[in-house]
Amino acid sequence: FYAAQFYHQAQQDINGLQQLVQNGEMNALLGWLREKVHVHGRKYNSEELCTRITGKGLDAAYFMQYIEDKYNGIYGLNN
C-alpha cells in the first residue's frame, strides 16, 4: 500500500515519470527515492514516513487505483 502511495507522489513530483519508467529510465525515480525515503533509514516508522512524503497517512485508495488501472489496461475492462 505504501509503495502505491509513494509512487503516486513521485508521479506528482517528477514530470513524465510513467514514460521514463516505461523506457527503462529509472534514475529520476531512484533519485526521488533516495531523497524522500532512503535518506531517513529507520529514523521514522512507516506511517510517519508516509505522512512526511505524501502529506497524509496511509490510504489504500492509491493501491486500489493502481490495481484498477493495471487490470483495465490488461483486460480492457471499463468501470
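The structure reproduced in this document is the subject of the present report.

Criteria and thresholds
Residues numbered from 1 in each chain as written. Predicted model: local features only at pLDDT ≥ 70, side-chain atom pairs only at ≥ 80, totals over all residues. Heavy atoms only, no water. Salt bridge = Lys/Arg side-chain N within 4 Å of Asp/Glu carboxyl O. Buried < 20%, exposed > 50% of the residue type's maximum accessible area, 1.4 Å probe, protein only. Patch = residues over 30% accessible without salt bridge, like charges linked within 9 Å, V, L, I, M, F, W, Y side chains within 5 Å. Areas by Shrake-Rupley, 256 points an atom, 1.4 Å probe, with all protein chains shown as cover. Helix = DSSP H or I, 4+ residues; strand = E, 2+ residues; numbered from the N terminus. Core = buried A, V, L, I, M, F, W, Y, C linked by side-chain atoms within 4.5 Å. Contact = heavy atoms within 4.5 Å. Phe/Tyr/Trp six-rings, centres within 6.5 Å; stacked < 30°, edge-to-face > 60°. Arc of directions from axis to C-beta. Polar contact = N/O pair within 3.5 Å; in protein donor to acceptor, adjacent residues only side chain to side chain.

Description of the pattern of salt bridges
Counted according to the given criterion, the structure contains two salt bridges. The partner of glutamate 35 in a salt bridge is lysine 36, with the nearest N and O atoms 3.9 Å apart. Overall, the relative accessible area of 28% leaves lysine 36 in the partly exposed class. Residues lysine 56 and aspartate 59 are paired through a salt bridge, measuring 3.8 Å at the closest nitrogen-oxygen approach. Looking at aspartate 59, the relative accessible area reads 27%, which means it is partly exposed.

Topic: a nonpolar patch on the surface
Taken together, the side chains of Tyr71, Ile74, Tyr75 and Leu77 define a hydrophobic patch exposed on the protein surface, amounting to about 430 Å² of accessible area. Within the fold, leucine 77 resides in the segment after helix H5 (61-75).

Here's the deal with the nonpolar core
Core analysis: the biggest nonpolar cluster contains ten residues, these being Phe6, Ala10, Ile14, Leu17, Leu29, Trp32, Val37, Leu49, Cys50 and Ile53. Take this core: its biggest share by element is three residues, from helix H4 (residues 46-54). The residues touching isoleucine 53, leaving out its near neighbours within four places in the chain, are Phe6, Gln9, Trp32, Lys36 and Val37.

A short note on the packing of aromatic side chains
One pass over the full model with this rule turns up four aromatic pairs. Taken together, a centroid distance of 5.0 Å and an interplanar angle of 90° make the contact between phenylalanine 1 and phenylalanine 63 edge-to-face. One end of the pair, phenylalanine 1, is in the segment before helix H1 (2-13); the other, phenylalanine 63, is in helix H5, with 62 residues separating them in the sequence. For phenylalanine 1, a relative accessible area of 52% translates into the label exposed. Linked through ring pairs, Phe1, Phe63 and Tyr66 together constitute an aromatic cluster.

Some details on H4
All buried positions along H4 are accounted for by Leu49, Cys50, Ile53 and Thr54. Considered in projection along H4, the buried side chains sweep an arc of 105° and stay on one side of the axis. Buried residues along H4 sit against H1 and helix H3 (27-36). You can read the cap of H4 off the contacts: a side-chain oxygen lies 3.1 Å from the backbone nitrogen of glutamate 47, and it is on asparagine 45.

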